[in-house]
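# Structural description and commentary
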Amino acid sequence: VFTYASFSDSLSVNIPAGTYSYSIRDSKGCTRYFDFAINNTDPQLGITFTNVACYEDSTGTATIVVNGGSGMFSLNGVSFADSIIIDHLSAGYYQFNVLDQNGCSFVLTGTIYQPRPLMISQDLNLTPITCHNLSNGSAQVSVSGGSPGYMYGLISTPGDTLWQQTQLFSNLAEGEYQVIVTDNNGCSDTTGFVMAQFERTQDSISIATIECYGSHTGAISIYPTPEWRNPFTYSLNGGDPQVFNVF
């Protein structure tokens, strides 16, 4: 209830938002009644965040939107009417203080998150080439972190990349390779490996001559190296293979 003294032609008072009834009585005792409402026109400010795409990058954003109210707002000296986007943000907690044209402050807070780092395991599963000059080596890649939806690229020569959705690269020849993996957000990681050539055997042969005419004392002995590649099999003149190295 607000009660005021007499006035002549107008009266101005400060009252909060709400519904009011008032009466005016003149000098002759005549009274008139009025009802009115004062609405709250304070603006409502909201904020949304976009997380960063890749680990430790600065692709996050914050969007401030104004609903209701009128006039201009400012954030760090930048004026806006209904919305503003703050970009190039890294992961972390943020607090924004927005001022309206009357100097009233609105505090908005939130957090921007980041994915785990995309990483290729350095322990590649390599299957070596099985024979000299063949192209049957393979490499299997293991990946962690990032945003699933990986693509795997294999670079054997500069500017020549083989892209695929599977982790296994096969039919590899001798040489140096680079692996690049990208995730669903375009983040990437790289590593390299060498596919070694199969070590060709170096064979030595010992021949025992026939001692007497018509006898069968001759022999051929084969000594392949490296010895760690045993067991070997041996064949003479296209015959059946055998495990013994003497014919």
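Please read all numbers here as calculations on a predicted model, not as lab measurements.

With that settled, consider the packing of aromatic side chains. Tallying each qualifying case throughout the model produces five aromatic pairs. By the ring-pair criterion, three or more aromatic residues cluster together here, those being Phe73, Phe80 and Phe106.

Relative to the helices and strands, Ser147 is located in the loop between strand 13 (143-144) and strand 14 (151-157). The class for Ser147 is buried, based on a relative accessible area of 15%. If near-sequence neighbours (up to four positions away) are discounted, Ser147 is found in contact with Pro115, Asp183, Asn184 and Asn185.

Attention now moves to a nonpolar patch on the surface. A cluster of nonpolar side chains, Tyr22, Ile24, Phe36 and Ile38, forms an exposed patch at the surface whose accessible area comes to about 290 Å². Secondary structure elements with two or more residues in the nonpolar patch: strand 1 (18-25) and strand 2 (31-38). Examined against the element boundaries, Phe36 turns out to sit in strand 2. On the basis of relative accessibility, which here comes to 31%, the residue Phe36 falls in the partly exposed class.

Tracing the chain through its elements places Asn102 in the loop between strand 8 (92-100) and strand 9 (105-112). Sequence-wise, Asn102 and Ile15 are 87 residues apart; in three dimensions their C-alpha atoms are separated by 17 Å.

Residues Val141, Leu154, Phe169, Leu172, Val179, Val181 and Phe193 are the most contacted members of the largest nonpolar core, which totals 19 residues. Those elements that provide at least two residues to this core are strand 14, strand 16 (168-172), strand 17 (175-182) and strand 18 (188-195). In terms of residue count, the dominant contributor to this core is strand 17 (three residues). Counting 17 residues, the second-largest nonpolar core is a separate cluster that includes Val52, Phe73, Tyr94 and Leu108.

What follows deals with the sheet that holds strand 12 (residues 137-140). Strand order in the open sheet formed by three strands is 11-12-16, with antiparallel pairing between adjacent strands. Only two strands of the sheet have a single neighbouring strand rather than two, namely strand 11 (125-127) and strand 16. The sheet shows a mean angle of 10° between the axes of neighbouring strands, taken without regard to direction. Where strand 11 lies against strand 12, three bridges are found, and the strand directions are antiparallel. Among the inter-strand pairings, Leu126 is bridged to a residue of strand 12, identified as Ala139.

Reading guide: rules and limits
- Residues numbered from 1 in each chain as written.
- Predicted model: local features only at pLDDT ≥ 70, side-chain atom pairs only at ≥ 80, totals over all residues.
- Heavy atoms only, no water.
- Phe/Tyr/Trp six-rings, centres within 6.5 Å; stacked < 30°, edge-to-face > 60°.
- Helix = DSSP H or I, 4+ residues; strand = E, 2+ residues; numbered from the N terminus.
- Buried < 20%, exposed > 50% of the residue type's maximum accessible area, 1.4 Å probe, protein only.
- Contact = heavy atoms within 4.5 Å.
- Patch = residues over 30% accessible without salt bridge, like charges linked within 9 Å, V, L, I, M, F, W, Y side chains within 5 Å.
- Areas by Shrake-Rupley, 256 points an atom, 1.4 Å probe, with all protein chains shown as cover.
- Salt bridge = Lys/Arg side-chain N within 4 Å of Asp/Glu carboxyl O.
- Core = buried A, V, L, I, M, F, W, Y, C linked by side-chain atoms within 4.5 Å.
- Pairing = 2+ DSSP bridges.
- Axes fitted to C-alpha atoms, helices over the stretch in contact; angles between N-to-C directions.

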